[in-house]
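Listed below, chain by chain, are the residues.
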Amino acid sequence: MCSFSQEYVMEVWMACGFSGKWIECDLLFSPLFADLPLASSNNSKTFCVKLEYRSQWILGMAVVGILRRIWSLDMLLPLRLIPKSFACEIALQKDSWKTLLLLAYQSLGVVYGDLSTSPLYVYKSTFADDIQHSDTNEEIFGVLSFVFWTITLVPLFKYIFVVLRADDNGEGGTFALYSLLCRHAKVSLLPNRQVADESLSTYKLENPPEKNSTRVKMYLEKHKALHTALLILVLLGTCMVIGDGILTPAISVFSAVSGLELSMSSDHHQWPLKMIKNGRGSALFILVQLVNKSKRLTSISYFIGSLVSYSTLYAIHIADAVVPITCFILVCLFTLQHYGTHRVGFLFAPVVLAWLLCISALGLYNIIHWNPHVYQALSPYYMFKFMKKTKKGGWMSLGGILLCITGSEAMFADLGHFSYAAFQIAFTFLVYPALILAYMGQAAYLSQHHDNANHIGFYISVPGKLRIPVLIIAILASVVGSQAIISGTFSIINQSQSLGCFPRVKVVHTSDKIHGQIYIPEINWMLMILCIAVTIGFRDTKHMGNASGLAVMTVMLVTTCLTSLVIIICWHKPPIVALCFLLFFGSIELLYFSASLTKFTEGAWLPILLALFLMTIMFVWHYATIKKYEFDLHNKVSLEWLLALGPSLGIARVPGIGIVFTNLTSGIPANFSRFVTNLPAFHRVLVFVCIKSVPVPFVPPAERYLVGRVGPPGHRSYRCIVRYGYRDVHQDVDSFESELVARLADFINYDWHRAHGTISFPEYDASQSNESSGEYRLAVIGTVAFSGIPAYEIEESVQLASISGGFPTVESVTDVIEMEPVGVVERRVRFAIDDESGTRSPADMDLQLQEELEDLLLAQQAGTAFILGHSHVKAKQGSSLLKRLALNFGYNFLRRNCRGPDVALKVPPVSLLEVGMVYVV
């Protein structure tokens, strides 16, 4: 076995011509490095490489796993600090191009399904009522010019070259932009914030804040009303994404299935009526019954499938076959969601690739066969002629043209699953040319066929012999596109719930290997019912397109506004740059947005109604959550009260571990005092657990737990703050309980070494801790190797690592010590354990340490009880009518009808102790 030193690795690296900043890369047991240990002082698989961010391909390097960040088109590696929740390996390889092209290929099925199916309904929606296709072809050429420049400016220039760079540790979307702004400016409304959160590796700022803050940042931080306005803006974008999750499956599948109308002759078009008259109409019902009786489907899907089949038989003589077939496909699509996209995901990319090649070939055929000079319509001059001739009708028709960019936001929302370069390659070299060829081909066909002016659509430009195969591919592609937006809806609702902006719902993780693939049963069935209602209610692409267009443009406007703030506050660019970005792209989107608003009575009312309803729910829930936290903060009990509890007051300590869940990061919660008052006993080991969200997408497991003492060691009371990012997977209660006990054991060992002076602080004075308040310093306990012989065996080896400086909380000054993996250079203070401590026998070790660890082990064996508050919120007397309606009726109704905290935390009922609390706020 050969071994290479860090110096040798750096020499080879520098020989390749790379230089610049130090970037930390963690090799998580890469197969290529398993037999190739790096010689280092701590024998860890961590090394630092020096790389300059410049435009060049890094030959010999590739990413095995998920790429986290790409800086430019020429850049291959995402050299960022990667959260350890992602198994990302950086290995020396020669097939870097193959790896990147594979990621670009995989992104087709997940990201571009919705965008690639837009040719199915853009021309049909545009020429619905407002404008007519004439012999001069000015209308069709003007629409083609608008489509070309809209796709070029918004998805290509705005998203590919600007917005995708505004990522949050590789994650994209509305919450990623809000998270960036909250870290660079004090605009967050999240409760229980701690300065210690800023020491997270995923929290660190890419661009350190300047000494002289910009006026925009100072003005934003100064006015609290702007913090609320910013949150409302983010919630508006979130609600419109959820609305798009209802409209996109309906319009995509409906437009694809509508090809049946053209494929049927007038004689065959009446086949449903003939089936009913001949008594064969029950065949569809029997088919649905057989599918629904399959063991794989739930009782809910059985009921809805039967309902749809019955309604199909009665409605089929009124409408054509398109509506019932669309409903049937939607039922199947939503019923299969609980299997997870990873089970059928391998089919997504080939389907979208086949669809893109199909529309490209059809476009080339129509251009060459019908009008080779259609490329001239790409000139902006045709937009001017179009608007000059059509005037108000042309402006109103923009509501249909904007549908050509539906799905663009998915590139940004799904950034964390792929990479910047993969999106650039897939969109620039495949998706973009295919879409342009498809729209040019349809325009070339229509320019020579004016007799079909009343039946403009995608399928009339398809040769008759190819319509059935194209129809099948289109249906499959629309299902793939719908799957992407449904998965995105689940993801954004989970993010909203993590940040306290959405009622608690059940989140099922459908894949143990692929992070972020989730399924939310309640939301899934609601989306399905609403999708079917939209399909049956609207029955045409015109109304569906108007509704979808307004939702899409609202999300894009929100993204433009937030990106403008990121340019100033996070990237430290001059305000004039952000203003130019806002005015240029904002004016384009406002033009389309205004055109969509004119269709308010023709379908555009639906996303507005959905947004108002969802925003009301989210804002009421968030407002009540903040008020409950403020109530807990003002009514917390002093530590002296806890320490005074004892046998003299009739209080008994029972065996076991008592885990008290609270939102407070310091102090004793009021629900615990209420618990002890009514039941004069509590457990021998007491742990106050605060599960909080921080404005980062992921928190590395080694930095998740903040542990400290509450009172003296003999009291056996601890505080544990568990930090999650808005995209983190919350642990099951079994793994959480065992992990918590292991972290407590780590902390006890660390605290014993600190108390006995075996830890040296070269840059941090231990006397700074505020121990007089009873709240001792908190330590970030990580899963790292413990130096020396473990003091006590408790399920796994007790471990110790390095520490770093202290940070006060917002409410009280509590020192924080980090215990993290060795090798992190910035703001890390290491300690050393005396050589003698590693050779001591267990008999020589301190008795207090052994007793405390024994108590912890015995308490774990005795059982664990989870103490949660069962809250009822009530507005105080004298509150406004709006506040009383929001709290007394709105929030309490949501609380009673959503998942309880015990379900959200996955607490077993046999171990649950609920304490009733009335919050008067």
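Here the structure is shown first, and the text comes after it.
Rules used throughout
- Residues numbered from 1 in each chain as written.
- Predicted model: local features only at pLDDT ≥ 70, side-chain atom pairs only at ≥ 80, totals over all residues.
- Heavy atoms only, no water.
- Helix = DSSP H or I, 4+ residues; strand = E, 2+ residues; numbered from the N terminus.
- Buried < 20%, exposed > 50% of the residue type's maximum accessible area, 1.4 Å probe, protein only.
- Contact = heavy atoms within 4.5 Å.
- Areas by Shrake-Rupley, 256 points an atom, 1.4 Å probe, with all protein chains shown as cover.
- Patch = residues over 30% accessible without salt bridge, like charges linked within 9 Å, V, L, I, M, F, W, Y side chains within 5 Å.
- Salt bridge = Lys/Arg side-chain N within 4 Å of Asp/Glu carboxyl O.
- Expected span 1.5 Å × (residues − 1).
- Core = buried A, V, L, I, M, F, W, Y, C linked by side-chain atoms within 4.5 Å.
- Phe/Tyr/Trp six-rings, centres within 6.5 Å; stacked < 30°, edge-to-face > 60°.
- Bend = angle between axes of the 7 residues up to and from the residue.
- 1 Å grid on protein atoms, 1.4 Å probe; cavity = no way out; pocket = protein on both sides within 12 Å on 5 of 7 lines; lining within 4 Å.
- Points joined across faces, edges and corners; volume = space filled by probe spheres on them.
- Nonpolar A, V, L, I, M, F, W, Y, C, P; charged D, E, K, R; others polar.
- Domains from an automatic or database assignment.

(A) Looking closely at the overall build of the chain. A tally of helices and strands in the chain yields 31 helices and 16 strands. Looking at the 921 residues of the chain, the share that counts as buried comes to 58%. When contacts within the chain are restricted to residue pairs at least 6 apart in sequence, long-range pairs at least 24 apart make up 82% of them. Counting only carbon and sulfur atoms, one obtains 63% of the accessible surface of the chain, whose full area is about 38,200 Å².

(B) Region of the structure containing a nonpolar patch on the surface. Together, Ile-576, Val-577, Leu-579, Leu-582 and Leu-583 make up an exposed nonpolar region whose accessible area comes to about 420 Å². Structurally, Leu-582 can be placed in helix 23 (residues 575-597). Using a relative accessible area of 31% as the deciding quantity, one classes Leu-582 as partly exposed.

(C) Seen up close, the pattern of salt bridges. One pass over the structure, following the stated rule, counts 14 salt bridges. The partner of Glu-138 in a salt bridge is Lys-385, and the shortest N-O contact between them spans 3.9 Å. With Glu-138 in helix 5 (residues 138-161) and Lys-385 in helix 16 (residues 381-390), this pair connects stretches of sequence that are 247 residues apart. Given the relative accessible area of 22%, Glu-138 is considered partly exposed. Note that Asp-168 and Arg-183 form a salt bridge whose closest N and O atoms lie 2.8 Å from each other. Within this pair, whereas Asp-168 is found in the loop between helix 5 and helix 6 (174-184), its partner Arg-183 is found in helix 6, the two being separated by 15 residues in sequence. Classification of Arg-183 as buried rests on a relative accessible area of 9%. A network of salt bridges, in which partner residues are shared, links Glu-138, Glu-139, Lys-385 and Lys-389.

(D) Looking closely at helix 21 (residues 521-538). The terminal C-alpha atoms of helix 21 lie 26 Å apart, and with 18 residues this matches the ideal 26 Å at 1.5 Å per residue to within 8%. Taken together, the buried positions of helix 21 are occupied by Pro-521, Ile-523, Asn-524, Trp-525, Leu-527, Met-528, Cys-531, Ile-532, Val-534, Thr-535 and Phe-538. Where helix 21 ends, the next residue or the one after it, Arg-539, has phi of about 65 degrees, a positive value.

(E) Structural detail: the nonpolar core. Counting residues in hydrophobic clusters, the biggest one holds 175 residues, and the most contacted among them are Tyr-112, Tyr-123, Leu-144, Ile-151, Phe-427, Tyr-439 and Phe-458. In terms of residues, this core owes the most to one element, helix 19 (residues 420-447), which gives 19 residues. What Tyr-112 contacts, discounting residues up to four positions off in sequence, is Ser-107, Val-352, Met-411, Phe-423, Ala-426, Phe-427 and Val-431. Core analysis: the next-biggest nonpolar cluster, separate from the first, contains 31 residues, Cys-720, Val-722, Leu-853 and Phe-866 among them.

(F) Quick peek at the packing of aromatic side chains. In the structure shown here, the tally under the stated rule is 24 aromatic pairs. Plain terms: the ring middles of Phe-146 and Phe-386 are 5.7 Å apart, the flat faces sit at 70 degrees to each other, and that makes the pair edge-to-face. Residue Phe-146 is located in helix 5, and its partner Phe-386 is located in helix 16; the two are separated by 240 residues in the primary sequence. Accessibility assignment for this pair places Phe-146 and Phe-386 in one class, buried. Ring geometry for Phe-458 and Tyr-459: centres 5.3 Å apart, planes at 80 degrees, overall edge-to-face. This pair shows no difference in class: Phe-458 is buried, exactly as Tyr-459 is.

(G) Quick look at unusual backbone geometry. In this model, Arg-539 sits at a positive phi of 65 degrees, which is unusual for a non-glycine residue. Relative to the assigned elements, Arg-539 resides in the loop between helix 21 and helix 22 (541-569). The partly exposed category is assigned to Arg-539, whose relative accessible area is 33%. One non-glycine residue, Arg-716, adopts positive backbone phi at about 60 degrees. Summarising the element assignment, Arg-716 is placed in the loop between strand 11 (705-709) and strand 12 (717-724).

(H) Fine view of helix 19. Its 28 residues place the ends of helix 19 38 Å apart at the C-alpha level, agreeing with the 40 Å of an ideal helix rising 1.5 Å per residue. At Phe-427, helix 19 shows its largest kink, close to 40 degrees. With 23 of its 28 residues buried, helix 19 lies for the most part within the structure.

(I) Up close: the layout of surface pockets. If you add up the space inside the second largest pocket, you get close to 1,300 Å³. Elements that contribute at least two residues to the lining of the second largest pocket include exactly helix 20 (467-498), helix 24 (605-634), helix 26 (670-678), strand 10 (681-693), strand 15 (864-874), helix 30 (881-897), helix 31 (901-904) and strand 16 (912-920). Per-class residue counts for the lining of the second largest pocket are 22 nonpolar, 16 polar and twelve charged. Residue assignment places the lining of the second largest pocket across two domains, with domain 1 (106-205 + 231-266 + 323-621) and domain 2 (637-756 + 845-920) each supplying three or more.

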